[in-house]
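Coordinate analysis (summary)
Now for the letters of each chain:
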Amino acid sequence: MPKSWAGSGVDLHLEVSAAGGRRRGLEEALRQAVRDGRLPRGTRLPSTRALAAELGLSRGTVSAAYDQLVAEGYLTTRPGSATEVADVTRRAASLPQSSGPAPAPPHDLRPGQPDVSAFPARAWLRATRHVLSTAPAEVFGPCDPRGRIELRAALAGYLGRTRGVITTPDLIVVTTGFVQALNLLARVIDGPFAMEEPGHDFYREVVRRAGREAVPLPVDELGAQVDTLTPDTAAAIVTPAHQYPMGVPLHPARRRALREWGGVVVEDDYDGEFRYDRQPVGAFQGTAPEHVVYVGTTSESLSPALRLAWMAVPSSLIGPVTEAKLYADAHTEVLGQLVLARMIETHDYDRHIRAARLRYRRRRELLRARLGPGPDQPLPGVTLPGVAAGLHALLLLPEGGPTEEELLAACEQRGIALRGASPLWRGAGREGLLIGYAAPPERAYPHALEALAQALAGTGRPRRPLSR
């Protein structure tokens, strides 16, 4: 006799067996719910009158079952108070035990993360209050697969104003992140995807798992070598404003060549707002809007927890991409879309970006001064290419010095979390460290940087002669 009750404030499915009598069936159902953790410690049970009505039993039967479980120690009761589950809850042995979130590393220098302690909570709360007090009820119903029109309209204006993107609200699709955008594009673009090398190894795997071939697109000091693209390649995923991980912008001549290439260009503008030596490089999409899919995200500007990103899609692809999103995931979380739209409209988002840019610029200067060339360089011979923009620095190791593996081990011993650079190449690539200087809170960053410098200095040793 499976039943559940809700009017008492508790909603729980019970299998009450009639075998052996109703009282014993109720006792065993409640006893098992406590044992396997479905009724955790402190849960307030319904009154005997309410439970009897819900289960179609007599109140005396329920009272007797409660009394028996109190005697066994499964329940507790006090005069004038509700009956509660006692402190005997334990999960079934077959279920995996939750250990909780992993502890944060003492010094977090992992790339791809902003300083979440600087999240604009007041502005977000102010925008949330406005949205909840003014939004019509229909916003809580089904959403257009492309996303809320309020956010798409705000993004069309913002991206045109700050990144030079040429688009309209009808050509924007809101996603949960770059990974979802990449999955959607892999569904509708048939053929190999060229991906920068070195480049994001996780995204290469995303493309492979979507059933597309990922072919290498070599990168040098001028950015992606677009002359290696062939007519057989369907799409090229590039980071023209700030190449990941080398940090160089795509050379103007190569921008022109990429514009003349016949395939679809996917522009990953993952940190395009953060340039420190001059104005940010404009989006490549603005030069060829009918051939470029522009992808941006709040993961590095606000927080990766928001799960908000967007694509500006050519008109020829908007139909297939929208249909793919409809069947992959009908809509993206709505409240966050409306709050972000409000922040863009009130320019709170602009103010946050400007403040973040100044903060990260100071951190970049500290990193260059502490790790770059000079008499106090902790590990002589390392180079820091492409630190004019972004939220990370690539520290390339010289030949003959400590290896990437040795440095990662030394950093781990000092509680420093970062990542090695070699996996960003498919084959034999350069060894180095990828240092994210945005993640630590403001006061913690100098200590994290000093710990890294000491780890590098501690692994230094006389270098072997360079091979000739």
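For the structure itself, look to the data block above.
Note that the structure is predicted; figures quoted are calculated from it, not measured. (Residues numbered from 1 in each chain as written. Predicted model: local features only at pLDDT ≥ 70, side-chain atom pairs only at ≥ 80, totals over all residues. Heavy atoms only, no water.)

Side note on the packing of helix H10 (residues 334-345) against helix H11 (residues 348-371)
Interhelical geometry of H10 versus H11 gives an angle of 80 degrees and a closest axis separation of 4 Å. Considering the angle they form, H10 stands roughly perpendicular to H11. When H10 is examined against H11, the residues Leu340, Met343 and Ile344 are found in contact with a partner set consisting of Asp348, Tyr349 and Asp350. (Axes fitted to C-alpha atoms, helices over the stretch in contact; angles between N-to-C directions. Helix = DSSP H or I, 4+ residues; strand = E, 2+ residues; numbered from the N terminus. Parallel < 35°, antiparallel > 145°, perpendicular 65-115°, else oblique. Contact = heavy atoms within 4.5 Å.)

So, the side chain of Asp348
With respect to the helices, strands and loops of the structure, Asp348 is situated in helix H11. What Asp348 contacts, discounting residues up to four positions off in sequence, is Ala123, Arg126 and Met343.

Some words on the sheet that holds strand E17 (residues 432-436)
Within the open sheet, the three strands sit side by side as E14-E17-E16. Their pairing is antiparallel. Each having just a single partner strand, strand E14 (392-396) and strand E16 (419-420) make up the two edges of the open sheet. Across five bridges, E14 lies against E17 in antiparallel orientation. Counterpart to Leu395 in the pairing with E17 is Leu433. (Pairing = 2+ DSSP bridges.)

Quick notes on the nonpolar core
With 62 residues, the main nonpolar core has Tyr349, Leu367, Leu371, Leu395, Ile435 and Leu452 as its most contacted residues. Counting residues per element, this core draws most heavily on helix H13 (residues 445-458), which supplies eight residues. Setting aside anything within four residues of it in sequence, one finds Leu371 in contact with Gln377, Pro378, Val382, Leu384, Leu395, Ile435, Leu449, Leu452, Ala453 and Leu456. By size, the runner-up hydrophobic cluster in this structure holds 28 residues, among which are Leu184, Ile237, Val264 and Val321. (Core = buried A, V, L, I, M, F, W, Y, C linked by side-chain atoms within 4.5 Å. Buried < 20%, exposed > 50% of the residue type's maximum accessible area, 1.4 Å probe, protein only.)

Remarks on the pattern of salt bridges
Summed over the entire model, instances satisfying the criterion amount to 28 salt bridges. A salt bridge links Asp87 to Arg41, with the shortest nitrogen-to-oxygen separation between them at 3.4 Å. Placement of the pair is Asp87 in the loop between strand E4 (84-85) and strand E5 (107-108) and Arg41 in the loop between helix H1 (22-35) and helix H2 (48-55), with a sequence separation of 46 residues. The exposed category is assigned to Arg41, whose relative accessible area is 56%. Note that Asp269 is salt-bridged to Arg163, the shortest N-O span being 2.8 Å. (Salt bridge = Lys/Arg side-chain N within 4 Å of Asp/Glu carboxyl O.)

Examining the sheet that holds strand E13 (residues 309-312)
In spatial order, the strands read E6-E13-E12-E11-E10-E7-E8-E9; together these eight strands make up an open sheet with mixed pairing. Strands with a single pairing partner mark the edges of an open sheet, and in this sheet they are strand E6 (172-175) and strand E9 (223-224). In the sheet, strand E11 (residues 264-268) pairs with strand E12 (residues 292-297) via four bridges, with the strands oriented parallel. Following the sheet pairing, Val266 is matched in E12 by Val293. Contacting E6, E12 and E13, helix H5 (residues 149-163) runs over the sheet at an angle of about 105 degrees to E6.

Let's talk about a nonpolar patch on the surface
A surface patch of nonpolar side chains, amounting to about 310 Å² of accessible area, comprises Leu132, Phe140 and Leu335. Among the secondary structure elements, Phe140 is positioned in the loop between helix H4 (121-134) and H5. The exposure class of Phe140 is exposed, given its relative accessible area of 59%. (Patch = residues over 30% accessible without salt bridge, like charges linked within 9 Å, V, L, I, M, F, W, Y side chains within 5 Å. Areas by Shrake-Rupley, 256 points an atom, 1.4 Å probe, with all protein chains shown as cover.)

Quick word on the pairing of E17
Among the five residues in E17, five count as buried, and that is most of the element. Where burial is concerned, the two faces of E17 agree: the one with Gly432, Leu434 and Gly436 and the one with Leu433 and Ile435 are both buried. Relative to E17, E16 is paired through two bridges, and the arrangement is antiparallel. By the bridge assignment for E17, Arg419 is matched with Leu434.

Function-wise, these values are silent; they only describe arrangement.
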